[in-house]
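# Results of the structural survey
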Amino acid sequence: MPKPSLKDAILDAGLKVMFRTGYHGTSVRDVTAAAGAPQGSFTNHFRSKEAFASEVLDRYFDVTRGLVAEALEDTSLTPRARLKRYLDIITGRLEADGYGRGCLIGDLSLEATGSSELLRARLAQIFAEWRVPFAACIREAQTCGEIASDFPPEELADFLLASWQGAILRMKVDRNPQALERFKTIAFQTVFKELT
């Protein structure tokens, strides 16, 4: 009878370890120890640390997609309120982690893109995909006259995601939500302000 696969346990452990120590600070030994798996299990499932990190990133992005859908597909809210709802959901999750852990997508964008073309390319795909539901929601808000149409929805979506990532990085440095709240206040009083 074949042994059960340890791939999921290794990926789950890898996500936790990478959040704590980063891509470069994470070793195969750290991950397999956290998963309670022999080191050989790692090489049975992943051809390299890069390939492993890419799958960890995919697993993390699956959760992110769910959070995006939870906020942006809630048609009981106006489009503008849905955008703010997403930021509030993420703020709540960051608060639960004591403002010490940010976004793995942003973390790996800073740390790994200079040394891994595989991860850089995957992150570029993630940002392109991540932008789509935000652009759709912004387009809907512009169409119904909720926010100004001065900029194309795709550009506003890129602005929102990039600026939010910057606020998360600052939050990690300060270990408090001030950067997140400042971003939300300024963004929704200027760029995403309600039209009157």
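Computed from a prediction, not measured in an experiment: that's the story for all the values here. (Residues numbered from 1 in each chain as written. Predicted model: local features only at pLDDT ≥ 70, side-chain atom pairs only at ≥ 80, totals over all residues. Heavy atoms only, no water.)

Moving on: the overall build of the chain. Looking only at helices and strands, the chain has nine helices and zero strands in total. Along its sequence from the N terminus, the chain presents helices and strands in the succession α-α-α-α-α-α-α-α-α. Expressed as a percentage of its 196 residues, the buried residues of the chain come to 41%. Relative to all contacts within the chain whose residues are 6 or more apart in sequence, the contacts with residues 24 or more apart total 68%. When the accessible surface of the chain is summed, it comes to about 10,200 Å², and 53% of that surface belongs to carbon and sulfur atoms. Mean positive and mean negative side-chain charge positions of the chain (25 and 26 charges, respectively) differ by 5 Å. (Helix = DSSP H or I, 4+ residues; strand = E, 2+ residues; numbered from the N terminus. Buried < 20%, exposed > 50% of the residue type's maximum accessible area, 1.4 Å probe, protein only. Contact = heavy atoms within 4.5 Å. Areas by Shrake-Rupley, 256 points an atom, 1.4 Å probe, with all protein chains shown as cover. Lys, Arg positive; Asp, Glu negative; His and termini not counted. Charge placed at Lys NZ, Arg CZ, Asp CG, Glu CD.)

When its domains are assigned, the chain resolves into domain 1 (1–46) and domain 2 (49–190). Between the C-alpha centres of domain 1 and domain 2 the distance comes to 27 Å. Both sides together, the interface formed by domain 1 and domain 2 hides about 1,700 Å², and carbon and sulfur atoms give 69% of it. Summed over the shared surface of domain 1 and domain 2, the result is three salt bridges. (Domains from an automatic or database assignment. Buried area = accessible area lost by both parts, 1.4 Å probe. Salt bridge = Lys/Arg side-chain N within 4 Å of Asp/Glu carboxyl O.)

What UniProt calls "DNA-binding region" (unreviewed entry) maps, in this numbering, to residues 27–46. Within residues 27–46, the helical portion is 75% and the strand portion 0%, while the C-alpha atoms at the span's ends are 13 Å from each other. (UniProt positions renumbered as here; feature names shortened; annotations may be inferred.)

On to the packing of aromatic side chains. What the rule picks out here adds up to nine aromatic pairs. Where Phe61 meets Trp130, the ring centres are 6.3 Å apart and the plane angle is 75°; that geometry is what we call edge-to-face. Of the two residues, Phe61 is situated in helix H4 (residues 49–72) and Trp130 in helix H7 (residues 117–143); the sequence distance between them amounts to 69 residues. Summarising the burial analysis for this pair, Phe61 and Trp130 share the class buried. Note on Phe188 and Phe192: the rings are 5.5 Å apart at their centroids and 35° apart in plane angle, and the pair reads as tilted. Given a relative accessible area of 7%, Phe188 falls into the buried group. (Phe/Tyr/Trp six-rings, centres within 6.5 Å; stacked < 30°, edge-to-face > 60°.)

A few words on the nonpolar core. Inside soluble globular proteins, nonpolar side chains tend to come together where they are buried. Ranked by internal contacts, the top residues of the largest apolar core, which has 57 residues, are Phe52, Leu83, Tyr86, Ile105, Trp130, Phe134 and Phe192. Here the element with the most residues in this core is H4; it accounts for 10 residues. Two domains each donate at least three residues to this core, and these are domain 1 (1–46) and domain 2 (49–190). Excluding anything up to four places from it in sequence, Trp130 contacts Phe61, Thr64, Val68, Tyr86, Cys103, Ile105, Leu161 and Gln165. (Core = buried A, V, L, I, M, F, W, Y, C linked by side-chain atoms within 4.5 Å.)

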